[in-house]
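# Observations on the three-dimensional arrangement
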Amino acid sequence: MIKKTGTASFGQYNAELIDLPGSYSLYPRRLDEWVSYKVLIGEDKDIKADVVVAVADASNLKRNLLFCTQIIDLKVPVVVVLTMMDLARQKGIKIDLATLERELGVPVVAVNPRKNKGITELKRAISLTVQQSNKSQTPVRDFIDNKALAEAPIEEVKKHFPLLSDYKAIHYLINHETFDLDEPMQETIENIEIRNQFNPTKTQAEEILQRYSRIRQIMQQAVTEPDPLQKSIFTE
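So, about the overall build of the protein chain. Helix and strand counts for the protein chain stand at 10 helices and seven strands. What you see for the protein chain is a C-alpha radius of gyration of 19 Å, in line with the 18 Å of a compact globule of 236 residues. When its C-alpha atoms are laid out on the principal axes, the protein chain stretches across 60 × 45 × 35 Å. Residues counted as buried form 45% of the 236 residues belonging to the protein chain. Here the contacts in the protein chain between residues at least 6 apart in sequence split such that 68% fall between residues at least 24 apart.

So this is what it looks like as structure tokens:
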């Protein structure tokens, strides 16, 4: 899968934009999802992103927030962009951007590229995020308690890679065979898995459950949706 590229100016920054294949989760299955995964996890030799712009469909926000929160927990600089706001409004969905931004802990901007709405705000958010990342101001809190998913093996992995977030350490445990690590380190991580009886399937399932639980809480605070019962009565 070819990555699409372009350029743009963000105030004092001239940036190269890379459009990665879309995905709904940080657990890749298709080849194109592996392309995005390698970049986001920092294992692409050619691309080191200064900021990740995570695009979410506002009319299907719950499903899209799963991927966004996974990226946030990697502790990479992130700006969340909401598209399809017109469609969301047509469905009777109202989103409180300020509340959503507060709960996610990263900038959230609504855009409509066809009408050129929100582009200036998006550029400003990207510029500020880059400036903060240059000052090492990355998000402090995790979206969920990632360490609790596999505390002992995470701690062991982070002894070898101190700069990893807890969530990224989980991905080292699950997918290290696909990472550019030398043979001794591959064996070290494998031994950490065995010694701690790390179960990747169980860990992944528990993570997804916790994320959706937290996302539901946020949706209750930040999103107003029409009552499906009233809609059913109206359409009969």
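All right, on to the environment of Lys168 then. The residue Lys168 is located in helix α7 (residues 166-175) in this model. Among the residues examined, Lys168 registers a relative accessible area of 17% and is labelled buried. As for Lys168 and Asn64, which are separated by 104 residues in sequence, their C-alpha atoms are 20 Å apart. Look past the residues within four positions of Lys168 in its chain and what remains in contact with it is Ile41, Gly42 and Leu74.

The parallel open sheet is built from three strands, whose spatial order is β3-β4-β6. Every interior strand has two partners, whereas the edge strands, β3 (52-57) and β6 (108-110), have only one. Across this sheet, the average inter-strand angle for adjacent strands is 25°, counted without regard to direction. In this sheet, β6 lies alongside strand β4 (residues 78-83) in parallel orientation, the contact comprising three bridges. Paired with Val80 across the strands is Val108, a residue of β6.

With that settled, the discussion passes to the confidence of the model for the protein chain. Averaged over all residues, the pLDDT of the protein chain equals 91, while 92% of them reach at least 70. Segment residues 231-236: pLDDT under 50, and zero contacts once partners within four positions in sequence are set aside and those in other chains are kept.

Before going further, it helps to examine unusual backbone geometry. The general pattern is negative phi for most residues beyond glycine and trans for most peptide bonds. For Asn116, which is not glycine, the phi dihedral falls at a positive 60°. Along the chain, the position of Asn116 falls in the loop between β6 and α5 (119-134). Its relative accessible area of 58% is what places Asn116 among the exposed residues. In this model, Gln197 sits at a positive phi of 50°, which is unusual for a non-glycine residue. On the secondary structure map, Gln197 appears in the loop between α8 (183-195) and α9 (200-222). Overall, the relative accessible area of 71% leaves Gln197 in the exposed class.

What counts as what
- Residues numbered from 1 in each chain as written.
- Predicted model: local features only at pLDDT ≥ 70, side-chain atom pairs only at ≥ 80, totals over all residues.
- Heavy atoms only, no water.
- Helix = DSSP H or I, 4+ residues; strand = E, 2+ residues; numbered from the N terminus.
- Rg over C-alpha atoms; globule rule 2.2 N^0.38 Å.
- Buried < 20%, exposed > 50% of the residue type's maximum accessible area, 1.4 Å probe, protein only.
- Contact = heavy atoms within 4.5 Å.
- Pairing = 2+ DSSP bridges.
- Axes fitted to C-alpha atoms, helices over the stretch in contact; angles between N-to-C directions.
- pLDDT = per-residue confidence, 0-100.

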